[in-house]
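So the chains spell out like this:
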Amino acid sequence: MKKQNRWSFAWLMLLSLALLAAACNRSGAGGSGGSDGGSSASEPARVTALMARATNFPEDNLVIQEIRKRSGVDLRVESVVSDDYENRLNTLIVSRSTPDIFRVPKSKLKELVDNGVIRPLDDLIASHGPNVRELYGDLLKGPAYMDGKTYGLPEMWFEGNALAIRKDWLDKLGLPVPKTLDEFERVLKAFVNDDPDGNGLKDTIGLGVAVQVRQTWEQIFAAYGVPQGRFVMVDGKLVPWMLAPGYLDAVKYLNRLYAQGLIDPEFATVPTLQSFEKLWNGKVGAYNFNADGTTQNWLTRYVGEPKPEFVYTFLLGPNGKGGHVRPVMEDSNSFVVISSSANNPEAAMKALDYLVSVDGDRLTWAGVEGVHHKWNADGKFEWIPPYDDAVKLRDAGGYMYSVIINRGSKGLREELYNDITRNARQMVLDNPIEDAYIFGIPQIQQEVGSILNDMEKEFRTIAITSSGNLDALYNEFKAKYLAEGGQKLIDQATEIYKAEQAARGK
């Protein structure tokens, strides 16, 4: 409740005063809200944007110059380090210097709408956003769709978490790709006990998991019909995944694997990066993570030669079903919005529309064709040295502006995936498991959600390593969870679900 509520209440009090003053100023000045910030008819309209950055890069670079030229908009971008983004945005809003384009967390959308900070986008999309309209379509009917109006554009991206298994180890040991939990357990035993890396030592890990890395657990729970991180419908109520039927059975399966030494024995304490490094160092046989990480972005990080080979699969549970947590691409952690105080909202939409075009997406992701990259005669993409070095590319503006907005899973990033990565992501899309999804965020989740999540992690850790009565441990955990806010979460989530279903005529 601490950080989010400070943001909500203290900041919104200042915000209300700022908006009132701004409204008076606009009224007194007789402004129409349609000026372009002082540019003449022959000059491109100036549009401001705020974006977060992970690394420093020169503000004046070839990519931003090309964006301005190709979009016909004088886009001026202020970038701040990611940790400072929220504070900087708040400062700009309360000082009446709100950027025309910025990102806001999903949890703040309604507050910004209610306080008139951001404007509806429907008319702007219709008049100046043909690429936005074509790209997003029905994905605009997510949590940023309120009272029949669209206020934000989602990231339109999904993680593509999938279970990668060392194919070269399977081949060496003469094992088929596992399709069920029982087959998977047999594979893990061989990976741990039968020297798959051929070094004569018993130093390999079957399944790599880490409490701090959420994705590593998804496949096991999915095999029991449990969508990690989501709600499910039980007796007319929405219950969080750790209270769903099948959750305890999944934990018992993991407990059995742990007792046999088949999962990373340090799963409770290993930091995220060190968990990854165990895979990169060739010691882990199976790992569930974003496919673009495992078999794309990490290719240069694997230390062994030859490089490991992976195959993707999903596991069928006791009921013969399995799959993946369902991607919901109309929802996202943050949304791109346009300020209600933008001098030229049409130009702001024009800028966004260019950035989500095929040309804009390629420019912001890979830089200028013929300078930073090229397409060979056979249609293959190739970096032009020295821009095959990511640091050099960022210094030239590559990658950086894709943070403002991009084509998501329909962009160049996806286009450049290798076949195994692309097929794994498609497997995720084609095999979703059932959940009961809500766009809204229950108030109790904002207040104590992190505490409830930590309680689940603690229980999972204790239960997996326990030799005691898991049913008794689980009953004790459930009682504590419900008392500490879990019951309110169920009640509030159920009400949100009913309201959202009614609003959609279901």
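The structure we're discussing is the one just above.
So, here's what we can say about the structure. Because the structure is a prediction, the values reported are computed rather than measured.

Conventions we followed
Residues numbered from 1 in each chain as written. Predicted model: local features only at pLDDT ≥ 70, side-chain atom pairs only at ≥ 80, totals over all residues. Heavy atoms only, no water. Helix = DSSP H or I, 4+ residues; strand = E, 2+ residues; numbered from the N terminus. Rg over C-alpha atoms; globule rule 2.2 N^0.38 Å. Buried < 20%, exposed > 50% of the residue type's maximum accessible area, 1.4 Å probe, protein only. Contact = heavy atoms within 4.5 Å. Lys, Arg positive; Asp, Glu negative; His and termini not counted. Charge placed at Lys NZ, Arg CZ, Asp CG, Glu CD. Core = buried A, V, L, I, M, F, W, Y, C linked by side-chain atoms within 4.5 Å. Pairing = 2+ DSSP bridges. Axes fitted to C-alpha atoms, helices over the stretch in contact; angles between N-to-C directions. Parallel < 35°, antiparallel > 145°, perpendicular 65-115°, else oblique. Left-handed = near helix turned anticlockwise from the far one by under 90°. Nonpolar A, V, L, I, M, F, W, Y, C, P; charged D, E, K, R; others polar. Salt bridge = Lys/Arg side-chain N within 4 Å of Asp/Glu carboxyl O.

In this section: the overall build of the protein chain. What the protein chain contains, in helices and strands, is 19 helices and 15 strands. Whereas a compact globule of 506 residues would reach a radius of gyration of roughly 23 Å, the protein chain reaches 25 Å, a difference of no more than 12%. A buried classification covers 50% of the 506 residues belonging to the protein chain. When contacts within the protein chain are restricted to residue pairs at least 6 apart in sequence, long-range pairs at least 24 apart make up 77% of them. Counting 57 positive and 66 negative side-chain charges, the protein chain places the centres of these two groups 2 Å from one another.

To continue, consider the nonpolar core. Counting residues in each nonpolar core, the largest one holds 57 residues, and the members touching the most others are Phe184, Leu207, Phe221 and Tyr247. No other element matches helix H19 (residues 470-503), which puts 8 residues into this core. Among all residues touching leucine 207, those that are not within four sequence positions of it are Leu163, Phe184, Leu188, Ile220, Leu257, Leu262, Ile263, Asp264, Val284 and Ala286. Among the nonpolar cores identified, the runner-up in size contains 40 residues, and Val63, Val132, Ala347 and Tyr399 belong to it.

It is worth spelling out the sheet that holds strand E12 (residues 310-313) at this point. Reading across the sheet, the 4 strands line up as E8-E11-E7-E12 and stay open at both edges, with mixed pairing between neighbours. In the strand order of this sheet, the two ends are held by strand E8 (205-208) and E12, each with one partner. Across the sheet, the mean angle separating the axes of adjacent strands is 25° when strand polarity is ignored. Note that strand E7 (residues 161-166) and strand E11 (residues 284-290) share 5 bridges and pair antiparallel. Residue pairing for E11: leucine 163 is matched across the bridge by asparagine 288.

To continue, consider the packing of helix H2 (residues 62-71) against helix H13 (residues 345-355). Direction vectors running N to C along H2 and H13 enclose 110°, while the axes themselves pass 10 Å from each other. Considering their axes alone, H2 and H13 lie roughly perpendicular with respect to each other. In the crossing of H2 with H13, the sense of the turn from one axis to the other is right-handed. From H2, Ile67, Arg70 and Ser71 reach across to H13, where they touch Lys350, Tyr354 and Leu355. Residues belonging to the contact of H2 with H13 are distributed by class as follows: 3 nonpolar, 1 polar and 2 charged.

Here the focus is unusual backbone geometry. A negative phi angle characterises most non-glycine residues, just as the trans form characterises most peptide bonds. Residue proline 306 is reached from glutamate 305 by a cis peptide bond, and omega for that bond is 0°. When you line up the elements, proline 306 lands in the loop between helix H12 (291-297) and E12. With an omega dihedral of 10°, the bond running from proline 385 to proline 386 counts as a cis peptide bond. For methionine 156, which is not glycine, the phi torsion reads 55° and is therefore positive. Positive phi, normally seen in glycine, also occurs at aspartate 235, with a value near 55°. Mapping aspartate 235 onto the fold places it in the loop between strand E9 (231-234) and strand E10 (237-240).

With that settled, consider the packing of helix H18 (residues 443-465) against H19. One can describe the packing of H18 onto H19 by two numbers: an axis separation of 9 Å at closest approach and a directional angle of 170°. Considering their axes alone, H18 and H19 lie roughly antiparallel with respect to each other. On H19, the residues that touch Gln443, Ile444, Gln445, Val448, Leu452, Met455, Glu456, Phe459, Ile462 and Ala463 of H18 are Leu470, Leu473, Tyr474, Phe477, Lys480, Tyr481, Glu484, Gly485, Gly486, Lys488, Leu489 and Gln492. Residue composition of the contact of H18 with H19, by class: 13 nonpolar, 5 polar and 4 charged.

Let's shift gears to the pattern of salt bridges. Scanning the entire structure with this criterion turns up 29 salt bridges. Aspartate 264 is the partner of lysine 278 in a salt bridge, and the nearest nitrogen-oxygen pair spans 3.0 Å. On the criterion of sequence distance, the pair formed by lysine 278 in helix H11 (residues 272-280) and aspartate 264 in the loop between helix H10 (247-259) and H11 is long-range, its members being 14 residues apart. Residue classification places lysine 278 among the buried residues on the basis of a relative accessible area of 17%. For arginine 326, the salt bridge identified is with aspartate 435, shortest N-O distance 2.7 Å. With arginine 326 in the loop between E12 and strand E13 (334-338) and aspartate 435 in the loop between helix H17 (419-430) and H18, this pair connects stretches of sequence that are 109 residues apart. When its relative accessible area of 14% is taken as the criterion, aspartate 435 is described as buried.

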